[in-house]
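If you want the building blocks of each chain, they are given just below.
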Amino acid sequence: MTRDEVLQEFRESGAILEGHFILSSGLRSSIFLQKARVFMYPDRTEKLCKALAEKVRDANLGQIDYIVSPALGGLIPGYETARHLKVPAMWVEREGGEFRLRRFELPKGSRVIVVEDIISTGLSSRETVEALKGMGAEVLAVACLIDRSAGEADASVPIVALAEYKVPAYQPDNLPPELEAIPAVKPGSRGLS
């Protein structure tokens, strides 16, 4: 899939929102990618994740034993990408503020790809990678549907993105006037209790 085809799936799902948004990273943006609206449609999700699986295969990372995703946002694309790669899918969850595999056991030395929905700064990806390395896994890469940073995010391992979509993001104390004039909303899942 091309970048434009990926973004078209998001557009047709009503998943590219405009306004003043607080991202999971705490940064602010005039664009929010509401991937839940894409994941409502199994056919769209399958198409995107099948293409992501192909991109992971084309990256020649060698044998992959598991896909591991951060909950909540990575669950659906992680599962669907794992299905196309024909490997098991697991997920990490926050426990005491840190990611843990609460429901699974990961054999030491497992070769893992972390699958995310959307990467902005790479924070949750890095936290997932570090948690998995702490369990003795070899993390080969992070794969995502969209890299909002267009290659600038730091996941601490290579990033395989189905599409890059550079969206400006701002510190809360350094907003452009058009964002300052609009109330901020937080549509993401981080910070929910």
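Above this note sits the structure.
Right, let's walk through the structure included here. (Residues numbered from 1 in each chain as written. Predicted model: local features only at pLDDT ≥ 70, side-chain atom pairs only at ≥ 80, totals over all residues. Heavy atoms only, no water.)

Turning our eyes to something else, we now look at the packing of aromatic side chains. Enumeration over the complete set of coordinates arrives at two aromatic pairs. A centroid spacing of 5.6 Å and a plane angle of 40° characterise the contact between Phe21 and Phe32, whose relative ring orientation is tilted. Highlighted residues: Phe21 in strand β1 (residues 16-22) and Phe32 in strand β2 (residues 28-33), separated in sequence by eleven residues. Classification of Phe21 by relative accessible area gives buried; the value is 6%. Given a relative accessible area of 7%, Phe32 falls into the buried group. For the ring pair Trp91 and Phe104, a centre distance of 4.9 Å and an interplane angle of 80° mean the geometry is edge-to-face. Note that Trp91 is positioned in strand β4 (residues 89-95) and Phe104 in the loop between β5 (98-100) and β6 (111-119), a separation of 13 residues in sequence. Relative accessible area serves as the criterion here: at 28%, Trp91 is assigned to the partly exposed category. Residue Phe104 is classed as partly exposed on the basis of its relative accessible area of 23%. Taking NZ or CZ as reference, Arg44 lies 5.5 Å from the ring centre of Tyr41, over its face. (Phe/Tyr/Trp six-rings, centres within 6.5 Å; stacked < 30°, edge-to-face > 60°. Helix = DSSP H or I, 4+ residues; strand = E, 2+ residues; numbered from the N terminus. Buried < 20%, exposed > 50% of the residue type's maximum accessible area, 1.4 Å probe, protein only. Lys NZ or Arg CZ within 6 Å of the ring centre and 35° of its normal.)

Quick look at unusual backbone geometry now. Here the bond from Ala71 into Leu72 is cis, since omega is 15°, no more than 30 degrees from zero. Mapped onto the elements of the fold, Leu72 is located in the loop between β3 (66-70) and α4 (75-85). The phi dihedral of Asn60 is positive, around 50°, even though this residue is not glycine. Tracing the backbone shows Asn60 in the loop between α3 (42-58) and β3. In the Ramachandran plot, Lys86 falls in the positive-phi region, its phi being about 60° despite a non-glycine side chain. Mapped onto the elements, Lys86 comes out in the loop between α4 and β4. Residue Lys86 is classed as exposed on the basis of its relative accessible area, which comes to 74%.

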